[in-house]
Amino acid sequence: MTGLPWFDYRDGVLHAEGVNLHAIAEAVGTPAYVYSSDALTRQYRSLADAFAGIDCLIAYAMKANSNLSVLRHFGSLGAGADVVSGGELQLAMKAGIPPGKIIFAGVGKTRAEMMLGLKAGNTGIAQFNVESEAELQVLSEVASSLGVKAPVAIRINPDVDAKTHKKITTGKAENKFGISYRRASEVYALAAGLPGIEVVGVHVHIGSQLTDLAPYEDTFIRLAELVTALRAAGHNIRRVDLGGGLGIRYDDETAPDPQLYAAMVRKHILPLGIAVALEPGRFLVGNAGLLLTRVEYVKQAEEKTFLILDSGMNDLIRPAMYEAFHRIVPVKAPENGAELAPVDIVGPICETGDTFAEGRPMPPVVAGDLLAILSAGAYSSAMASTYNARPLAPEVLVHGDRFAIVRRRPSIDEMTALETMPGWFSEAQG
Ligand SMILES: *Cc1c(COP(=O)(O)O)cnc(C)c1O
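No experiment lies behind these values; they were computed from the predicted model shown. (Residues numbered from 1 in each chain as written. Predicted model: local features only at pLDDT ≥ 70, side-chain atom pairs only at ≥ 80, totals over all residues. Heavy atoms only, no water.)

A. Quick look at the overall build of the protein chain. When helices and strands are counted, the protein chain shows 12 helices and 21 strands. Its C-alpha atoms give the protein chain a radius of gyration of 23 Å, within 12% of the compact-globule value 22 Å for 430 residues. Counting only C-alpha atoms and orienting by the principal axes, one finds that the protein chain spans roughly 70 × 70 × 40 Å. In the protein chain, once contacts between residues fewer than 6 apart in sequence are set aside, the share between residues at least 24 apart is 72%. Within the protein chain, one finds 39 positive and 48 negative side-chain charges whose respective centroids are separated by 6 Å. (Helix = DSSP H or I, 4+ residues; strand = E, 2+ residues; numbered from the N terminus. Rg over C-alpha atoms; globule rule 2.2 N^0.38 Å. Contact = heavy atoms within 4.5 Å. Lys, Arg positive; Asp, Glu negative; His and termini not counted. Charge placed at Lys NZ, Arg CZ, Asp CG, Glu CD.)

Quick look at the structure:
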């Protein structure tokens, strides 16, 4: 009924693999994120298998979900990590991802972050993806100060339209990301002349939640031409980093087939005789997670029925931020032939944007029922906040018939542990 083999109904109750979601709600309360290990493995393997025989680093874009156990799981499957901050770099290392499999991306790396990357595990990380000439200069200075060379791929903006939501399109000329492919040879020449830089590759990343592979093909064709031209100019380009962006099914989209994606790489990129890096985020985790939540109230307004949940936009901001669709299903399977009626499904937060779905056809639901908001493995817990002084929801990892609380819910004392009162509050009044 969910279309996801790892989240399915057994004896009329939604399970995560072998675990009844009622048992998880009882153990950790709601809201809570629930992740399936099996789903993580299957998604990773589907991509790794498609690239079998290719020298390929799958660097998990950990901004999608940076829970240490999720990282550790991917690390044990052989994944590297694509990090976008010094914090993520430290988390990746903490989870045991070897620095030699870490790629550092992002438009605004600070000197301190560069330093962390250059020093990681003594040998430094695999690659810095550089987004501007100014950043190249600074990275060269920082590396030179340590007496090393930073391995660099320059992010090229191929000016293709990924045809995805405007807030997650990154490969068009007007976006802030990368360097125009028309200026690439100039910028590579600059990089080659800098003492602290070793050019190793070319990077592209055109957007997120791509369900159509055509923009990738356009990108790969441009990229192959560019690599050929850069090599002719004397640059030793050893790796192309193809970025992330592979979409998943949230509603009725068809997720791209990794085999077809890999076939495009074989066709356009492999003739270059070059190593490949991939940076999938959402594809690996998006459908491996759900947000388990309870209906607090069913509110009958004049024109509408509202289901008011105990989870809100602070737990899952995608609907508010990207107008994203998430399927929402009851944990207890509806009766056969139950009639669907449209409801608005909202959170408790004082914002009109705190809405998960409007006019969504749902079977009858009463206060106290558990619901599962599906496809909440990516950009959900990772983007969560404590807005309205709501604690971050706990995270649970399921493995077969077992589950583990991999991040617990903080207490109010833990939530305020970093705050101190200024001394003058306790000085004598007068
Ligand atoms: C966000 C991002 C990714 C991952 O994107 P997904 O759509 O989650 O696969 C990969 N690379 C870079 C540079 C990114 O910014």
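B. Here's a closer look at the site of the ligand. Around the ligand sit 15 residues in total, of which K63, S208, G245, E279 and Y379 are the nearest. With respect to the ligand, the side chain of K63 contributes an N or O atom lying 2.8 Å from an oxygen atom. Side-chain polar atom of H205 to a nitrogen atom of the ligand: 3.5 Å apart, as the coordinates give it. Out of a free accessible area of 390 Å², the ligand has 93% covered by protein chains. When atom positions are compared with the pocket grids, the ligand is found to occupy the largest pocket. Class assignment for the residues of the shell around the ligand results in 3 nonpolar, 7 polar and 5 charged. (Near = heavy atom within 4 Å. Polar contact = N/O pair within 3.5 Å; in protein donor to acceptor, adjacent residues only side chain to side chain. Areas by Shrake-Rupley, 256 points an atom, 1.4 Å probe, with all protein chains shown as cover. 1 Å grid on protein atoms, 1.4 Å probe; cavity = no way out; pocket = protein on both sides within 12 Å on 5 of 7 lines; lining within 4 Å. Sits in = over half its atoms within 2 Å of the grid points. Nonpolar A, V, L, I, M, F, W, Y, C, P; charged D, E, K, R; others polar.)

C. Molecular detail of the packing of helix α4 (residues 86–94) against helix α5 (residues 111–119). At a minimum axis distance of 9 Å, the contact between α4 and α5 shows a crossing angle of 25°. As summarised for this structure, α4 and α5 are arranged roughly parallel, according to the angle between their axes. For the pair α4 and α5, the crossing hand works out as left-handed. Contacts between α4 and α5 involve G86, L89 and Q90 from the first element and E113, L116 and G117 from the second. Its residues assigned to classes, the contact of α4 with α5 shows 2 nonpolar, 3 polar and 1 charged. (Axes fitted to C-alpha atoms, helices over the stretch in contact; angles between N-to-C directions. Parallel < 35°, antiparallel > 145°, perpendicular 65-115°, else oblique. Left-handed = near helix turned anticlockwise from the far one by under 90°.)

D. Quick peek at the packing of aromatic side chains. Within the structure shown, the criterion is met by 8 aromatic pairs. When the ring of Y216 is compared with that of F220, the centres are 6.1 Å apart and the planes differ by 35°; the resulting orientation is tilted. Of this pair, Y216 and F220 both sit in helix α8 (residues 214–232), 4 residues apart, which is roughly one turn of the helix. Here Y216 falls in the buried class, since its relative accessible area comes to 1%. Its relative accessible area of 0% is what places F220 among the buried residues. A centroid spacing of 6.0 Å and a plane angle of 85° characterise the contact between W424 and F425, whose relative ring orientation is edge-to-face. This pair shows no difference in class: W424 is exposed, exactly as F425 is. Pairwise contacts between aromatic rings join F51, Y216, F220 and Y261 into one cluster. (Phe/Tyr/Trp six-rings, centres within 6.5 Å; stacked < 30°, edge-to-face > 60°. Buried < 20%, exposed > 50% of the residue type's maximum accessible area, 1.4 Å probe, protein only.)

E. Summary view of the sheet that holds strand β1 (residues 7–10). Strand order across the open sheet formed by 3 strands is β1-β2-β3, with antiparallel pairing between neighbours. Each having just a single partner strand, β1 and β3 (19–20) make up the two edges of the open sheet. Alignment of β1 against strand β2 (residues 13–16), held across 4 bridges, turns out to be antiparallel. Bridging from a neighbouring strand, Y9 pairs with L14 of β2. (Pairing = 2+ DSSP bridges.)

F. Region of the structure containing empty space enclosed by the protein. Across all of its chains, the model carries 1 cavity of 30 Å³ or more by this definition. One number sums up the size of the largest cavity: a volume of about 40 Å³. Along its surface, the largest cavity is lined by I156, P158, Y181, V204, R222, L223 and L226. Among the elements that take part in the lining of the largest cavity, α8 stands out by supplying 3 residues, more than any other. Of the residues assigned to the lining of the largest cavity, the class counts are 6 nonpolar, no polar and 1 charged. (Points joined across faces, edges and corners; volume = space filled by probe spheres on them.)

G. Expanded view of the domain arrangement of the protein chain. In terms of domains, the protein chain is made up of domain 1 (7–35 + 286–415) and domain 2 (98–280). In this assembly, 10 residues from domain 1 lie in contact with 7 residues from domain 2. Summing both partners gives a buried area of about 870 Å² for domain 1 against domain 2, and 49% of it is carried by carbon and sulfur. When the buried area of domain 1 at its contact with domain 2 is split by residue, Y322, F325 and R327 rank highest and sum to 46% of it. Joining domain 1 to domain 2, the criterion identifies 0 salt bridges. Where domain 1 touches domain 2, the interface holds 2 residue pairs in polar contact (both at pLDDT 80 or more). Of the residues contributing to the side of domain 1 that touches domain 2, the split by class is 3 nonpolar, 4 polar and 3 charged. (Domains from an automatic or database assignment. Buried area = accessible area lost by both parts, 1.4 Å probe. Salt bridge = Lys/Arg side-chain N within 4 Å of Asp/Glu carboxyl O.)

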